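# Reading the structure
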Amino acid sequence: MWTVIKGLILLTGLAECQLQHFLRTPQDTEVTEGDTAVLLCQVGNQIGQVQWTKDGLTLGYDRLLPGFDRYSVLGNDSLGTYNLQVSNASVQDDAKYECQVGPGRGNPPIRANAYLTVNLPPTQIQIMNHLSGSRIDIKENAEVEISCKVSNAKPRAGIIWYRNNVAFNPGTGNIEESSEDGTLPDRKTTFSKIKFRPNSADNQATYACEASHPALRGTAARPANPMRSSVLLSVLYPPEKPEIQGYLEGETIRMGQAVTLVCESYGGNPLAAIVWYKNNQRIDHSYTTSGSKSKNTIMFLAQPDDNNAAYRCEAKNTMIREPLTAQIVMSVQFAPDRVEIRGPATAKVGQTLNFECATSNSNPASTLQWVIDGKAQPAIHNRTDTSAEGGWVTISNVSVMVGHLDKSKSISCYANNFALSETKVETHIVTVLYPPDELSITGYKQGDILQEGSLRRIKCTALSGNPLPELEWFAADKKVEGAKIEKAESGTFVSSEISIKVDRSDNGKSYQCKAKSEATEEPFRKSVALKVSFPPTRVKVEVEPESPIEGNPAVLKCLTDSSNPDVEILWWHNGELVAGSNSQTKAGKFGGSMTSSLLQIDVTEAHINSVYKCEARHAVTSKSVSNTTKIAVQYKPQFIDAPKEIDIEVNSSRIFNINAKGNPEILKYSWIKKGGTEIPSLNNSPLQRGIAASGHSLHLNNIQVEDSGTYIVRVENSIGKSRKSIKVNVEYPPRFVQITRSKLINEGESVKLLCQVDGFPLKTDTIKWERDGYDIASRATVETTTNGSVLSIQNATIKDAGIFICLANNGVPRGRPVEIREKLFLLVNHKPIIDDSPELSKSASDKGGTGKLICQADGAPNVTFKWFREGRAINEDNAAKYSVLDKSLDPLTWQSELKVKNIALRDYGHYGCAASNMWGTSQHQVILSATSKPDPPQRLRVLSSTYNSVILTWQPGFNGGFQQYFRIRLQRVGSEGFLFVDVFPHLPAATAFEVSDLQMDTAYSFSIMAFNKLGESAYTSELVQTRTAKGDKSEPIKPTPTPPKSNSGSGGNVLTIIATIGGILFICNLCLLYCYVKRRAGKHLFGGSSRGSSKSATIEMYVGSSYNETISGETLSSLSEKSDTYFTSDLENRHRQDFADEFDTGVRLPASTYLVDHNPIYSSDHYDPNLPSRPVSRSLSSVYGTMPRHTVPQHSYTYQEDLSRQRSISHLDAPEGPLTLHQFPRHQMSDHLSQARVPEQSQGYFSARNYNLSPPHHAPHLPHIYSNHPPSMFAPDLPPPPPTPQEMQDQSYSYQNIQHIGPVSQRTLHRGQRFGDV
């Protein structure tokens, strides 16, 4: 054991005594730029720390070598490996690297170094003076040099040459290599040049140089990247001699045989061009090449000219001066293609005729044989000659005698080629000549008279003759073309027919037929002369003198051109026959005569522009020709259609032209106004106002009444003067001259009211009388005078007293006639009659305010007033409490106004009013009370009705101290539900309204109520019923119908299900609403205050079809309870302010009228029509579904909506109706426009925009028809309805999108499909 321990101790000591040393040292390494290099270093028995240096710069001990991103030390400390890795090597890494081990525990430091060389591949390789892949053309055996350059390599690159991808060595002395510094630092550029002499084997060989460099060799991580540049060598050398194939020398072929000759030539660069020649004439130069061969092929059918023809082909390229040739001579056998007989074609009896027959060339020669009239006859002479075209030509001669019986001779020549077994024949006909018989002409008999324009056919016939003669027609020695020739098939006759359209030039003309024949020396002739009747073509009328003066004589002469026979001349004046002188004639053209006649007249005014006609009648042809003339009579000016009067509106302008004529031309116009005033000339300067003349024009500019009168225009020329008067009437609107403004009479007396006007024109209907509610026709008579009207009343009564209106309208100006009116007061003495209408029988004001009581009476003469309180006259001296103002509204109506100031509770009650005049006193009581809701209207009645609308009228009740509005309730007779319509526009004195969009031929009942800011009156107790008219088309409203009752089981089940679901939803809504109201009731009114109301607000809960699509129709339920307080929460105030900021466009509108408004809770504290523009607590409902409708846009336009969003009405079926846009005056618009915010609406909604107009004066409701529960001025704030599924999908939809409505007076807008169809 001790021995073992001693051994271990000995070994441990030896280990501690061993020095640190290198197990592996770094070696010099080459690396290609971009690759990774590793320098090895492994230390044994390591004691000290290891680090690397680069050119003496220490890199650090950390293996990650901070600061040197591409350097790192690989290995393991326990193994002593410290390998330096250089990634993405670059030229900056080319250096001396040293692995150093520091000292420790007595061990000295050790170090080992190595060089890292970074190889840079060449940047380019190129063949000098040639692009890579280009072609070098060089002649065979000529020396060629190719140089290659490899640029910017480190270290120097080598160059290897290749021929067709095989290493190539041109031999010692034929390659030169050199190098130089590159254009980049530390790089070398290498050059290599080779020389050699190429032969034909080098043609199309590729020579390339390739760079040899370690950086281009591939590694395991990087593929090889060889660099090579090449050129293509094109060696030029001559072709071989051509050869001909397809014909053997000495071979004989027959005419028509197909011949194909092929000429081929091998080798050559470029390949040879081959051309064919025939008898030294080039015939084809189109050749083809394939591989190393050129070929030209010609194909033809052998012809006679190919016999002994020499065919030669030539091959040539750029390497030879003279072409290489090959030639053949062909031998072709052929028969003659034609035989020709030469000799006379005609003959006479007894003549001897000589003929010659010759063949065309043939091989071998042909023999000839004669046949005369079908019989063989020997030749006189035969011979054979060689032909210049090849082969031989044969010629033969013969003689023939013509007998007295011969009409013709047939001569035939046969050419026989026995070698080819072919025969050619030619036949020649000789005609024997004799003359024809005498000519004959048919179609016209000498002495017949033809009419001009008729068509006549004349025929000339010749019998027998050989040959038949040629016939020609001549008209007066001029040949007639187009004759119709007819020959008999037997040859016995020939005829020629001409068609003549007879013309006057044919009169006396000779037509001659001429027959020419070879058998006669002179032609035969025969002729006829034509006679033609023709009328004159024109008539000439002359006047002497040419321009006669009125009152002097004149002569008219009529002359015709040539006619045959003579014509009769007639004279016409303005369509009437007049007598002229006897006619005279003289010779005319074409053998006719010209006729003339004279007419003498004494020129008068009637002859001005009168028409004379001379007519020439031709009896034979029943034709006539005429000519007219207007006598240019010289006369003094005459006026044309000059009016006697002209009318012109005052202050207007017109240019009046007077038309006049004269001969000679008019020299001067002058204008005067009757009375001697001369009209000034315009002098080419603009007329500002007044009357001026310019030639025949009278300028009336901005004419006035005083310009009326008679104007005279004078016109003159060299013959005389004329004048014309025109009356100018100035039209001006009427004005009152004298009227009876007021007339006081006693009852029973008669009275006349006078109304006189001045104006032009004054018609019988210019003046009219009017009086509202008074039958003028039955109580009065109207008498029209020259310039006025008198209204007379007999036995006048108090009912006749009143205001009569005299209206005058004479239609001037025409575009917009002026109507004037004046009030005439008829006063009948009677005691005052006090107006006891509801509006004047009550007055209202709150405590501390000022009450205004009105007492108004009619009476004559003057009426005085006295006020009483509890039987005692009111002390008007108490100015602090009372003030009285009496005034006359007109001569008949008097008014007294009592103001009660600083009203206390004791001031409420009855006040007496006494109205007095000389005829008596009347008394009336006016009640002063606190402000309240209005009284119901009175006397509701139907004024008229159409097929879909009804006009209602009523008398307003007391307004309760505030501006009141009206709402109409209507019900279709027999139905259970109601519809409600706000009267719009909201005028305090509104007394009539048209309820539209009703069903045609349907009975309705109506009632009406009034409401103001404090509440609503009851509806009128008496219902008014009417039935709409029948019509062809109707667009009524369409409320949701109640399902009809049915006894069927299936229908009952459906109704039961619907009712059950509706009931469940209704109960759920009630529960939600109850929780909502209870939650709101616990909140404070303003900022947490506890001020509230003992009654809850009236709220209408709605359930639209968008919430539950299983319900048929839309369900509406309500919980209502009146309250005097309108409450909101701070949370909602803040919520509304947010929306006010978001949608503040300067105008606030109610939301879509498809939504139900709710009964308001009114409070005088919160409603002030004169409040300034500011966000109010109603803003939220202006944005979401339950929105008050209380404003309209300021541009005086609004819209009418037919149905609200929520409705549940039974038995009121009607089709959907449109929205109608109405225009109203500005004074009818609301003054609360500034308090309303404008919610933008989608395209399914219609609203309006602010057009920066002044605000109107009171707050109306928008017109609409509601269902079940009436709408209210303001709606309590409810949370917004949840979005519909469509809204969840369509994020672009917005309740606040306003669709622009342009400024038109009326437009129909169609409802969108939002919240169900309406």
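Residues numbered from 1 in each chain as written. Predicted model: local features only at pLDDT ≥ 70, side-chain atom pairs only at ≥ 80, totals over all residues. Heavy atoms only, no water.

## Looking at the overall build of the protein
Going by this rule: Comment: elements are numbered from the N terminus, with helices defined as DSSP H or I runs of at least four residues and strands as E runs of at least two. A 1.4 Å probe rolled over the protein chains alone gives each residue an accessible area, and that area as a share of the maximum for its type sets the label: buried under 20%, exposed over 50%, partly exposed in between. By definition, residues are in contact when any of their heavy atoms lie within 4.5 Å. Residue-level accessible areas treat just the shown protein chains as cover; the underlying method is Shrake-Rupley with a 1.4 Å probe.
The helix and strand inventory of the protein stands at seven helices and 96 strands. Looking at the protein as a whole, 45% of its 1318 residues are labelled buried. A fraction of 70% describes how many contacts in the protein between residues 6 or more apart in sequence connect residues 24 or more apart. For the protein, the accessible area works out to roughly 67900 Å², and carbon and sulfur atoms hold 49% of it.

## Quick notes on the sheet that holds strand S82 (residues 920-929)
What counts is decided by this rule: Two strands pair if DSSP finds at least two bridges between them.
Reading across the sheet, the five strands line up as S75-S82-S81-S77-S78 and stay open at both edges, with mixed pairing between neighbours. Looking at the sheet topology across the chains shown, the edges are occupied by strand S75 (842-844) and strand S78 (872-873). As paired strands, strand S81 (residues 909-917) and S82 are joined by nine bridges and run antiparallel to one another. Its bridge partner lying in S82, Gly909 is registered against Leu928.

## What to know about the sheet that holds strand S33 (residues 367-372)
With mixed pairing, the five strands of this open sheet are ordered in space as S31-S38-S37-S33-S34. Of all strands in the sheet, those with a lone pairing partner are strand S31 (346-347) and strand S34 (375-377), marking the two edges. Sheet topology note: the S33/strand S37 (residues 408-417) ladder contains six bridges and is antiparallel. Paired with Ile372 across the two strands is Ile411, which belongs to S37.

## Considerations on the pattern of salt bridges
Let me state the cut-off plainly: Every case where a carboxyl oxygen of Asp or Glu lies within 4 Å of a side-chain nitrogen of Lys or Arg is listed as a salt bridge.
Tallying each qualifying case throughout the model produces 43 salt bridges. Between Lys479 and Glu472 there is a salt bridge; the shortest N-O distance is 3.1 Å. Judged by its relative accessible area of 39%, Lys479 is partly exposed. Two residues, Asp800 and Arg779, come together in a salt bridge whose shortest N-O distance is 2.4 Å. Of this pair, Asp800 sits in the loop between strand S71 (788-793) and strand S72 (802-808) while Arg779 sits in helix H2 (residues 776-779), and the two are 21 residues apart along the sequence. Given a relative accessible area of 32%, Arg779 falls into the partly exposed group. Via salt bridges that share partners, Glu145, Glu176, Lys193 and Lys195 belong to a single interconnected network.

## What about the nonpolar core?
The cut-off we apply is this: The term nonpolar core refers to a set of buried residues drawn from Ala, Val, Leu, Ile, Met, Phe, Trp, Tyr and Cys, joined through side-chain atoms within 4.5 Å.
Grouped together as the largest cluster of nonpolar side chains are 25 residues, with contacts concentrated most on Phe22, Val43, Trp52, Leu84 and Tyr97. When residues of this core are traced back to their parent elements, those giving at least two are strand S3 (37-39), strand S5 (50-54), strand S7 (71-74), strand S8 (83-86), strand S9 (95-101) and strand S10 (110-119). Counting 23 residues, the second-largest nonpolar core is a separate cluster that includes Ile127, Val144, Trp161 and Met227.

## Some remarks on the confidence of the model for the protein
For clarity, the threshold we go by: Note: pLDDT gives the predictor's confidence per residue, expressed from 0 to 100.
With 78% of its residues at a pLDDT of 70 or more, the protein shows a mean pLDDT of 78. Below pLDDT 50 for its whole length, residues 9-16 participates in one contact with residues either more than four positions away or in separate chains. Low pLDDT (under 50) marks residues 1033-1052, which in the prediction has 48 contacts with non-local residues, meaning those over four places away or in another chain.

## Quick notes on the side chain of Ser495
Position of Ser495 among the secondary structure elements: in strand S45 (residues 493-501). On the basis of relative accessibility, which here comes to 3%, the residue Ser495 falls in the buried class. Apart from residues lying up to four places away in sequence, Ser495 is in contact with Lys459, Cys460, Thr461, Leu471, Lys484, Ile485 and Glu486.

## Describing the environment of Gly75
Residue placement: Gly75 occurs in the loop between S7 and S8. The spatial distance from the C-alpha of Gly75 to the C-alpha of Arg63 is 8.9 Å, given a sequence separation of 12 residues. With near-sequence residues (within four places) excluded, Gly75 lies in contact with Arg63 and Thr81.

## With respect to the state of the cysteines
Going by this rule: Only a pair of cysteine sulfur atoms within 2.5 Å qualifies as a disulfide here.
Across all of its chains, the model carries eight disulfides by this definition. Here Cys263 is linked by a disulfide to Cys313, with a sulfur-sulfur distance of 2.1 Å. Here the disulfide of Cys263 and Cys313 is right-handed, its torsion about the S-S bond being about 60°. Linking Cys263 in strand S22 (residues 258-266) with Cys313 in strand S27 (residues 310-316), this pair joins segments that are 50 residues apart in sequence.

## Regarding a nonpolar patch on the surface
Put simply, the rule is: Exposure above 30% relative accessible area and no salt bridge define the residues that can form patches, which grow by joining like charges within 9 Å and nonpolar side chains of Val, Leu, Ile, Met, Phe, Trp and Tyr within 5 Å.
Taken together, the side chains of Val38, Leu40 and Leu74 define a hydrophobic patch exposed on the protein surface, amounting to about 190 Å² of accessible area. Mapped onto the secondary structure, Leu40 falls in the loop between S3 and strand S4 (42-44). Residue class for Leu40 comes out partly exposed when judged on its relative accessible area of 31%.

## Focus: a negative patch on the surface
The criterion, for reference: Lys and Arg are tallied as positive, Asp and Glu as negative. Neither His nor the chain termini are counted. Charge positions come from single atoms, namely NZ of Lys, CZ of Arg, CG of Asp or CD of Glu.
Among the surface-exposed residues, Asp835, Asp836, Glu839 and Asp858 lie close enough to one another that they form a single negatively charged patch. Within the secondary structure, Asp835 sits in the loop between strand S74 (830-834) and helix H3 (838-841). Note on Asp835: relative accessible area 30%, which makes it partly exposed.

## Regarding the packing of aromatic side chains
To be explicit about the condition: Ring pairs shown here join Phe, Tyr and Trp side chains whose ring centres sit within 6.5 Å, with only the six-membered ring taken for Trp; geometry is labelled stacked below 30 degrees between planes, edge-to-face above 60, and tilted in between.
Scanning all chains against the criterion turns up 12 aromatic pairs. Between Phe68 and Tyr71, the aromatic rings sit 5.8 Å apart at their centres with planes inclined by 5°, giving stacked as the arrangement. Measuring from centroid to centroid gives 6.3 Å for Phe980 and Tyr1019, while their planes differ by 50°, and the two rings are tilted. With Phe980 in strand S86 (residues 979-982) and Tyr1019 in the loop between strand S89 (1015-1016) and strand S90 (1024-1027), the pair connects residues that are 39 residues apart, well separated along the chain.

## A look at the side chain of Ser697
Basically, it comes down to this: Side-chain atoms alone can form a polar contact between residues adjacent in sequence; in general such a contact is a pair of N or O atoms within 3.5 Å, and within protein one must be able to donate a hydrogen while the other accepts it.
For Ser697, the position within the fold is in strand S64 (residues 697-701). With a relative accessible area of 9%, Ser697 lands in the buried category. Of the polar contacts made by the side chain of Ser697, one reaches the side chain of Asn657; its length is 2.5 Å. Look past the residues within four positions of Ser697 in its chain and what remains in contact with it is Ile655, Phe656, Asn657, Trp671 and Ala692.

## Digging into a positive patch on the surface
On the surface, Lys668, Arg714, Lys721 and Arg723 cluster together into a positively charged patch. Inspection of the secondary structure puts Arg723 in strand S66 (residues 721-739).

## A look at the environment of Asn129
With respect to the helices and strands, the residue Asn129 is situated in the loop between strand S11 (124-127) and strand S12 (135-139). For Asn129, a relative accessible area of 78% puts it in the exposed group. Spatially, the C-alpha atom of Asn129 lies 9.0 Å from that of Ile146, the residues being 17 residues apart in sequence.

## Focus on the pairing of S10
With four bridges connecting them, strand S2 (residues 29-32) and S10 associate as parallel partners. Looking across to S10, one finds that Glu30 is bridged to Thr117.

## Brief notes about unusual backbone geometry
For the bond running from Glu544 to Pro545, omega is -5°, close enough to zero to count as cis. Tracing the chain through its elements places Pro545 in the loop between strand S49 (539-544) and strand S50 (553-560). Pro565 follows Asn564 through a cis peptide bond whose omega is -5°. Note that Pro565 resides in the loop between S50 and strand S51 (568-573). A positive phi angle is found at Leu65, which is not glycine, with a value near 50°. In this structure, Leu65 sits in the loop between strand S6 (57-58) and S7. Here Leu65 falls in the buried class, since its relative accessible area comes to 1%. Positive phi outside glycine occurs at Phe590, with the angle close to 60°. Counting through the fold element by element, Phe590 comes out in the loop between strand S53 (584-587) and strand S54 (593-602).

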